[in-house]
Amino acid sequence: MEREWLFSLIPLTIGVVFLGFGVYGLRRAGALRRTGVTAEGRIVRHDVRRDHEGATLHYPVAAWTTRDGRECEYASRFGRGSIAGGFGVGTSAMVRYDPEDPRRFAIQGWNATTVDLVFTIVGSLFTAGTLTVLLVRLLTL
């Protein structure tokens, strides 16, 4: 195997990682849609964090009570640069959670599968593109 083949492992690795994250997120969202339980919650605060580029992201923290009476209060796994209209502190929000593990939840209207879908598409393109190039190179040796 020649040295330049090793460089093709970079986009292949990036593609596989992106694909893995995307598929995991889509499967998680699908499981919540199928088996999740809906509860009326409220936004109690926003966790404000800075990403590695210095952008400020707001993660709404939802509080709700599960069907078996447990009090839950968790931050969304998705942050945004600004707080959308209906997600200010004190507003009510529908929450879909996993009854086995309420930390796995989604705030309806805030959490979107768009990010997971983009990761899946980009990962698929990188992986398929790199594998196609490697296959063509193997066949033309």
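Placed above this text is the structure.
In short, a report on the structure.

Conventions adopted
Residues numbered from 1 in each chain as written. Predicted model: local features only at pLDDT ≥ 70, side-chain atom pairs only at ≥ 80, totals over all residues. Heavy atoms only, no water. Phe/Tyr/Trp six-rings, centres within 6.5 Å; stacked < 30°, edge-to-face > 60°. Helix = DSSP H or I, 4+ residues; strand = E, 2+ residues; numbered from the N terminus. Buried < 20%, exposed > 50% of the residue type's maximum accessible area, 1.4 Å probe, protein only. Pairing = 2+ DSSP bridges. Axes fitted to C-alpha atoms, helices over the stretch in contact; angles between N-to-C directions. Patch = residues over 30% accessible without salt bridge, like charges linked within 9 Å, V, L, I, M, F, W, Y side chains within 5 Å. Areas by Shrake-Rupley, 256 points an atom, 1.4 Å probe, with all protein chains shown as cover. Salt bridge = Lys/Arg side-chain N within 4 Å of Asp/Glu carboxyl O.

## A look at the packing of aromatic side chains
The final tally for this structure, using the stated rule, is 6 aromatic pairs. Residues Phe18 and Phe119 carry aromatic rings whose centres are separated by 4.8 Å and whose planes lie at 35° to one another, so their mutual orientation is tilted. Taken together, the residues span a long stretch of sequence, with Phe18 in helix 2 (residues 9–35) and Phe119 in helix 3 (residues 114–139) at a distance of 101 residues. In this structure Phe119 comes out as partly exposed when scored by relative accessible area, which is 29%. Relative to Trp110, the ring of Phe87 has its centre 5.4 Å away and its plane inclined at 70°; by these criteria the two rings are edge-to-face.

## Topic: the sheet that holds strand 2 (residues 56–65)
The strands making up a sheet are joined through hydrogen bonds of the backbone, oriented either antiparallel or parallel. Spatial ordering of the open sheet is given by 3-2-1-4-5, a layout of 5 strands whose pairing is antiparallel. Two strands lie at the open edges of the sheet, namely strand 3 (71–75) and strand 5 (105–107), each paired on one side alone. Each strand of the sheet is rotated relative to its neighbour by a mean of 35°, with strand direction disregarded. Note: strand 1 (residues 37–50) against strand 4 (residues 92–97), 6 bridges, orientation antiparallel. Bridging across to strand 4, Ala39 finds its partner in Val95.

## Points about a nonpolar patch on the surface
Judged by side-chain polarity, Phe7, Ile10, Ile14, Val17, Phe18, Phe21 and Phe126 come together as a nonpolar surface patch covering roughly 660 Å² of accessible area. Top contributing element to the nonpolar patch by residue count: helix 2, with 5 residues. Structurally, Phe7 can be placed in helix 1 (residues 4–7).

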